[in-house]
Amino acid sequence: GAKIGDELANLAANLLDGVESRDLGTAVAAFGARLRGHKDVEETLLDGFCLFGAVAAYAAVAVHLDTGLGPEQASGLEPTAKSSIARALLLLAKKQINDFMESTGWPIRSLDLVAMLEGEDAAAVRALDESFRLPCHLSLGCRGTLLRAEEAVSPPEHPLAASWPREVAAVGMHTTSTMEAVSALRDAVAEAWGRGGAGAAPFNVRFAGHPCPSHSGSEHHCQMRCDLLGSCGPDADASDPLTDFIAGAVDVARFEERESYSLAEARAALRWVPGRLASIAKADLVLCTFPTVLCVLLHELFPTLPLLFVAIANPLFAAPGCTRREDTTVRECETDEAREYLRALRSMLSDPTKPVRGVAAYSVTAALVGYQAGVALPLAGKAGRYLPASASWRLERPTEVLVARSRFLETAFGPHFRTLFAELSELYHLPIRCVLQQDEGAYLSYDELSAFRAVVILPQDLGLHKFTEHYAMAMPIWVPAKVWAYRLQMLIPWGMVSYSGTWHPIVDDGDDHTPPPGDPARLRAPSEDWPQSGSPQLAHPPFYNAQTVPYPLTKVAYWYEFSEFIAYPGVQSFASMPALLSGLAGADLFQISGEMRRFRAELWRTTRAVYAAAASELASVAAEAQRGAEAEAEHRGAEV
């Protein structure tokens, strides 16, 4: 919406004449090297060159040249204006790794450049805080979800024992995902059913399917498994009944999926080892997280065994019939094999007579199950109740800020972040030191994590357990503002929205029903009745190629609204490095921590009710099944 007059446009053009007359590649490379912390870059290479000033000048020229001819102009920009924007993005380098414009006073952001090139409305994207509201059933702490769940809570009835379930088989692949679900169910049952005293364990838990990755950057998972599950040492994998199955679907060393396999092969793989699954078959209840295909297959193998499915990852992770292509970040699951699996998931979750109930841990996983299987799951949220009682923010290291473990720090973004944090701290004389968790080497316990002044979390997906854990500690959290998050996903694509596929074939009628660029419908939140049949479809399906240049702005912005980083009150965001440092140094940390504690206590009411309602419904189905079995046995006895 900005207007650039002739005078400013001429100044920008004159500046660019000088910029383009020099060795621009060398200057950009030198500027990037300086961002990476190379202080020995010769000033002669830069010779006064400011990358962000050149980018702003290209943007000013583009705005001035754009005549706004309307929708008939396919590109959204005049060709000459489009060329200027493309040049500006080239200066920011591949995946915009030179883009630290948010740390300067320049009145232009990479978001504006992308919006101009794609014909999108940058102002509408920025206004999502006010204009975008998820429907209640996809929102944390929804009042309707709480009331419906509380009405369904009822302790086990005869002929089930009051202590049902005594044995729970906790199945999954990721330690903290499983512990999130186990601890929520444990405390929900204990409180809602009035079972046991303080600290009582309402059931015994047997864990299955949690491999220890061997990748050098993932050793902490092994230590966490030992601390949280009690599965320690090399013998733990050998005794796990599901190790072989998971290793067939996932490269355990790196937690990466293997290439496509069939659902029939997966079924056969489980049926070959029935003896090893005896510990699961003897449980009163199976609690299953992911890979979701494992939950579906266990239900098929033991159809009368009560199963609680917790949607805490994309249901298509490690699913049959999915393949990866080199030219896209999307794992393609639009195959007959994948649809067969998703129809089985839909059948498992939608039939009330089956001993299966599902809950969602995230807004985004509730949306994924809605899109992929057409089923609406109640949103429980995450509580982090597996943390030890001592893991509460203590501020014992008041001058040290923790930067949580992140794959971003291994990309070109990492050196930029380190350089600017260190040099700006020195420039502003701030007594704050940045401690990078992955540089510490040793595994940090929850007690050790809670001692820092605050934590900076760089989200590499739309939901992270480390976020839940620090929030549960009531430790002040800083995350990048949306304009940063949108751009960073080009470096580490969000896994939650990297799988195409749904339970029904997508009919191609030859028409593109996607609203055109700039249309407000492109940023329309889901309706209150979605995903019911006949409700409006999502504005964007939950997948897109993050490797496109530029990135697909409206799709990225749309799905970030489902992330937990903007759903939890008290979380601080920063749009610049100076803003991050200023907030870390001057924010009222105790007020922030108090706000986090209050929301966590309020959210637990919903989390507890949703888990307790699911357990109550499973208990009711199990009691009915047992009554039927007893009646049949009595009838057979009478016949004899």
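Residues numbered from 1 in each chain as written. Predicted model: local features only at pLDDT ≥ 70, side-chain atom pairs only at ≥ 80, totals over all residues. Heavy atoms only, no water.

(A) Expanded view of the state of the cysteines. This structure, assessed with the given rule, holds three disulfides. Between Cys-288 and Cys-295 runs a disulfide, and the two sulfur atoms are separated by 2.1 Å. Note on the Cys-288 and Cys-295 pair: the S-S dihedral is about -85°, so by sign convention the disulfide is left-handed. Here Cys-322 is linked by a disulfide to Cys-333, with a sulfur-sulfur distance of 2.1 Å. Between Cys-322 and Cys-333, the S-S dihedral sits near 120°, and the bridge is therefore right-handed. Of the two residues, Cys-322 sits in the loop between strand 6 (307-311) and strand 7 (323-324) while Cys-333 sits in the loop between strand 8 (331-332) and helix 17 (336-350), which places them 11 residues apart along the sequence. (Disulfide = S-S within 2.5 Å. Helix = DSSP H or I, 4+ residues; strand = E, 2+ residues; numbered from the N terminus.)

(B) Spatial organisation of the pairing of strand 10 (residues 397-403). Summarising the sheet, strand 10 and strand 12 (residues 452-456) pair through four bridges and their orientation is parallel. Among the inter-strand pairings, Arg-397 is bridged to a residue of strand 12, identified as Phe-452. With four bridges joining them, strand 10 and strand 11 (residues 433-436) adopt parallel strand pairing. The partner of Leu-402 across the bridge, within strand 11, is Val-435. Read from strand 10 through helix 19 (residues 413-427) to strand 11, the crossover connection turns out right-handed. (Pairing = 2+ DSSP bridges. Right-handed = clockwise from strand over helix to strand, strands pointing away.)

(C) Highlighting the sheet that holds strand 7. Spatially, the three strands line up as an open sheet ordered 7-8-14, and their pairing is mixed. With one partner strand each, in any of the chains shown, strand 7 and strand 14 (499-500) form the two edges of the open sheet. Inspection of the sheet shows strand 8 paired to strand 14 by two bridges, in the parallel sense. What sits directly across from Glu-332, in strand 14, is Ser-500.

(D) Representation of the pairing of strand 13 (residues 477-480). Both faces of strand 13 are covered, namely the face carrying Ile-477 and Val-479 and the face carrying Trp-478 and Pro-480. As judged from the two bridges shared by strand 12 and strand 13, these two strands associate in the parallel manner. Following the sheet pairing, Val-456 is matched in strand 13 by Trp-478. (Buried < 20%, exposed > 50% of the residue type's maximum accessible area, 1.4 Å probe, protein only.)

(E) Spatial organisation of helix 16 (residues 292-301). Of all 10 residues in helix 16, eight are buried, a share of seventy percent or more. Those residues of helix 16 that sit buried are Thr-292, Val-293, Leu-294, Cys-295, Val-296, Leu-297, Leu-298 and His-299.

(F) Structural detail: the environment of Tyr-558. You can see Tyr-558 is positioned in helix 23 (residues 553-560). In the structure, Tyr-558 is positioned 202 residues away from Val-356 in sequence and 31 Å away in space, judged by C-alpha atoms.

(G) Up close: helix 10 (residues 175-192). The end-to-end C-alpha distance of helix 10, which contains 18 residues, comes to 25 Å, matching closely the 26 Å that a straight helix rising 1.5 Å per residue would cover. Phi turns positive one or two residues past the end of helix 10, at Gly-194, with a value near 65°. (Expected span 1.5 Å × (residues − 1).)

(H) Main features of the side chain of Thr-145. By the element assignment, Thr-145 lies in helix 9 (residues 143-152). Residue classification places Thr-145 among the buried positions, given a relative accessible area of 5%. Apart from the residues lying within four places of it in its own chain, the contact partners of Thr-145 are Cys-136, His-137, Pro-378, Leu-379, Thr-606 and Val-610. (Contact = heavy atoms within 4.5 Å.)

(I) Structural detail: the sheet that holds strand 6. Here we have five strands laid out as an open sheet, ordered 2-1-5-6-9, and parallel in their pairing. Each having just a single partner strand, strand 2 (204-208) and strand 9 (356-360) make up the two edges of the open sheet. Strand-to-strand twist across the sheet, computed as the mean angle between neighbouring axes with direction ignored, equals 20°. Strand contacts of helix 16: strand 1 (167-171), strand 5 (285-288), strand 6 and strand 9, with the helix running at about 165° to strand 6, the strand carrying the most contacts. (Axes fitted to C-alpha atoms, helices over the stretch in contact; angles between N-to-C directions.)

(J) Looking closely at the nonpolar core. In this structure, Ile-280, Leu-308, Phe-417, Tyr-486 and Tyr-611 are the most contacted members of the largest nonpolar core, which totals 225 residues. Among the elements that line this core, the one with the most residues is helix 25 (residues 589-639), at 17 residues. (Core = buried A, V, L, I, M, F, W, Y, C linked by side-chain atoms within 4.5 Å.)

(K) Representation of the pattern of salt bridges within the structure. Inspection of every chain in the model, using the stated rule, returns 27 salt bridges. The partner of Glu-564 in a salt bridge is Lys-382, with the nearest N and O atoms 3.7 Å apart. Within this pair, whereas Glu-564 is found in the loop between helix 23 and strand 15 (572-574), its partner Lys-382 is found in the loop between helix 18 (363-373) and strand 10, the two being separated by 182 residues in sequence. Comparing Glu-564 with Lys-382 shows no difference in burial state: the two are buried. In this structure, Arg-627 engages Glu-624 in a salt bridge whose closest nitrogen and oxygen atoms are separated by 3.1 Å. Of this pair, Arg-627 and Glu-624 both sit in helix 25, three residues apart, which is roughly one turn of that helix. On the basis of relative accessible area, Arg-627 is assigned to the partly exposed category, the value being 33%. Because the salt bridges share partners, they merge into one network encompassing Arg-186, Asp-187, Glu-191, Arg-385 and Arg-608. (Salt bridge = Lys/Arg side-chain N within 4 Å of Asp/Glu carboxyl O.)

(L) Seen up close, the packing of aromatic side chains. Counted according to the given criterion, the structure contains 24 aromatic pairs. Ring centres of Phe-413 and Trp-484 lie 6.2 Å apart, and the angle between their planes is 90°; this geometry places the pair in the edge-to-face category. Placement of Phe-413 in helix 19 and of Trp-484 in helix 22 (residues 482-488) is noted, with a sequence separation of 71 residues between them. Counting every residue linked through ring pairs, the aromatic cluster contains Phe-408, Phe-413, Phe-417, Phe-421, Trp-484 and Phe-574. The cationic tip of Arg-346 hangs over the ring face of Trp-503; the distance from NZ or CZ to the ring centre is 3.9 Å. The positively charged end of Arg-385 is found above the aromatic ring belonging to Trp-604, 3.8 Å away from the centroid. (Phe/Tyr/Trp six-rings, centres within 6.5 Å; stacked < 30°, edge-to-face > 60°. Lys NZ or Arg CZ within 6 Å of the ring centre and 35° of its normal.)

Just geometry here; none of it tells us what the structure is for.
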